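# Commentary on secondary and tertiary structure
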Amino acid sequence: MKKITILAVISLSLFAASCRKARTCTCTTSTLSSTFTDYTTNNAFLVDNTTNSTTADITTTVSDKMKKKDAKRKYSCFSSTDTDTRVRTGGGSGSGAYTETETTTTTSTCDLK
């Protein structure tokens with residue numbers, strides 16, 4: 001009986017010690033921006049145009065000793081995707097009229113260790 005109690009105490013202390021430790025959250029955020037300009041069909045001089053740009057950023061946050069779920073919540077270590085679309089028109093109603101559609105997609109991939 002004594003051996004079982006000692007074994008239980010040792011295993012419980014190992015489990016409790018492994019829960020709280022310094023955590024590192026690494027997030028990779030990439031942004032893709034695409035702009036499409038659609039000129040009116042009456043315009044013989046201006047051609048429809050698409051412009052793309054991409055950026056990437058890596059951030060790392062090191063936490064104090066805490067449980068994994070607490071560190072994830074405290075430092076917002078969550079993966080996400082967000083898309084934003086904006087439409088503008090301009091140039092009046094003549095041959096310079098256009099519709100510009102800008103779509104920005106931001107993807108964040110986070111990993112907590």
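As shown above, the structure is provided for reference.
Residues numbered from 1 in each chain as written. Predicted model: local features only at pLDDT ≥ 70, side-chain atom pairs only at ≥ 80, totals over all residues. Heavy atoms only, no water.

Under the criterion given, the structure shown has 4 salt bridges. We note a salt bridge from Asp-70 to Arg-73, for which the minimum N-O separation is 3.8 Å. Of this pair, Asp-70 and Arg-73 both sit in helix α2 (residues 68-74), 3 residues apart, which is roughly one turn of the helix. Asp-70 gets classed as partly exposed once you look at its relative accessible area, which sits at 28%. (Salt bridge = Lys/Arg side-chain N within 4 Å of Asp/Glu carboxyl O. Helix = DSSP H or I, 4+ residues; strand = E, 2+ residues; numbered from the N terminus. Buried < 20%, exposed > 50% of the residue type's maximum accessible area, 1.4 Å probe, protein only.)

This next bit is on the state of the cysteines. The tally for this structure, following the rule as stated, stands at 2 disulfides. Here Cys-27 pairs with Cys-110 through a disulfide, and the sulfurs are 2.1 Å apart. Because the sign of the S-S torsion sets the handedness, a value of about 110° for the bond joining Cys-27 and Cys-110 places this disulfide among the right-handed ones. One end of the pair, Cys-27, is in strand β1 (residues 21-39); the other, Cys-110, is in strand β4 (residues 98-112), with 83 residues separating them in the sequence. Like Cys-110, Cys-27 is buried. Sequence-ordered numbering of the bonded cysteines in the protein chain gives a pairing of 1-3, 2-4. (Disulfide = S-S within 2.5 Å.)

It is characteristic of soluble globular proteins that their nonpolar side chains tend to be buried jointly. If you look at the biggest cluster of nonpolar residues, it comprises 7 residues: Cys-25, Cys-27, Met-66, Ala-71, Cys-77, Cys-110 and Leu-112. If you list the elements that add at least two residues to this core, you get β1 and β4. When residues no more than four places from it in sequence are discounted, the contact partners of Cys-27 are Asp-57, Ile-58, Thr-59, Ser-108, Thr-109 and Cys-110. (Core = buried A, V, L, I, M, F, W, Y, C linked by side-chain atoms within 4.5 Å. Contact = heavy atoms within 4.5 Å.)

This paragraph deals with the side chain of Arg-23. Its location among the elements puts Arg-23 in strand β1. Despite being buried, Arg-23 has no salt bridge partner; Asp-70 is the closest side chain of opposite charge, sitting 8.9 Å away. For Arg-23, the side chain forms a polar contact with the main-chain oxygen of Met-66, separated by 3.4 Å. (Lys, Arg positive; Asp, Glu negative; His and termini not counted. Polar contact = N/O pair within 3.5 Å; in protein donor to acceptor, adjacent residues only side chain to side chain.)

Attention shifts here to the environment of Thr-109. Within the fold, Thr-109 resides in strand β4. Through-space distance from the C-alpha of Thr-109 to that of Thr-26 is 8.3 Å; in sequence the pair is 83 residues apart.

With respect to the element layout, Thr-55 can be found in strand β2 (residues 49-66). In the structure, Thr-55 is positioned 22 residues away from Ser-33 in sequence and 8.7 Å away in space, judged by C-alpha atoms. Dropping the residues within four chain positions of it, Thr-55 is found in contact with Thr-29, Ser-30 and Thr-31.

Here we take up the sheet that holds β2. Strand order in the open sheet formed by 4 strands is β2-β1-β4-β3, and the pairing between neighbours is antiparallel. The open sheet terminates on both sides in strands that have one partner only, identified here as β2 and β3 (80-90). The average angle at which neighbouring strand axes cross in this sheet is 15°, direction not considered. Relative to β4, β3 runs antiparallel, the two being bridged by 11 bridges. In the sheet register, Asp-82 faces β4, and the bridge partner there is Thr-106. (Pairing = 2+ DSSP bridges. Axes fitted to C-alpha atoms, helices over the stretch in contact; angles between N-to-C directions.)

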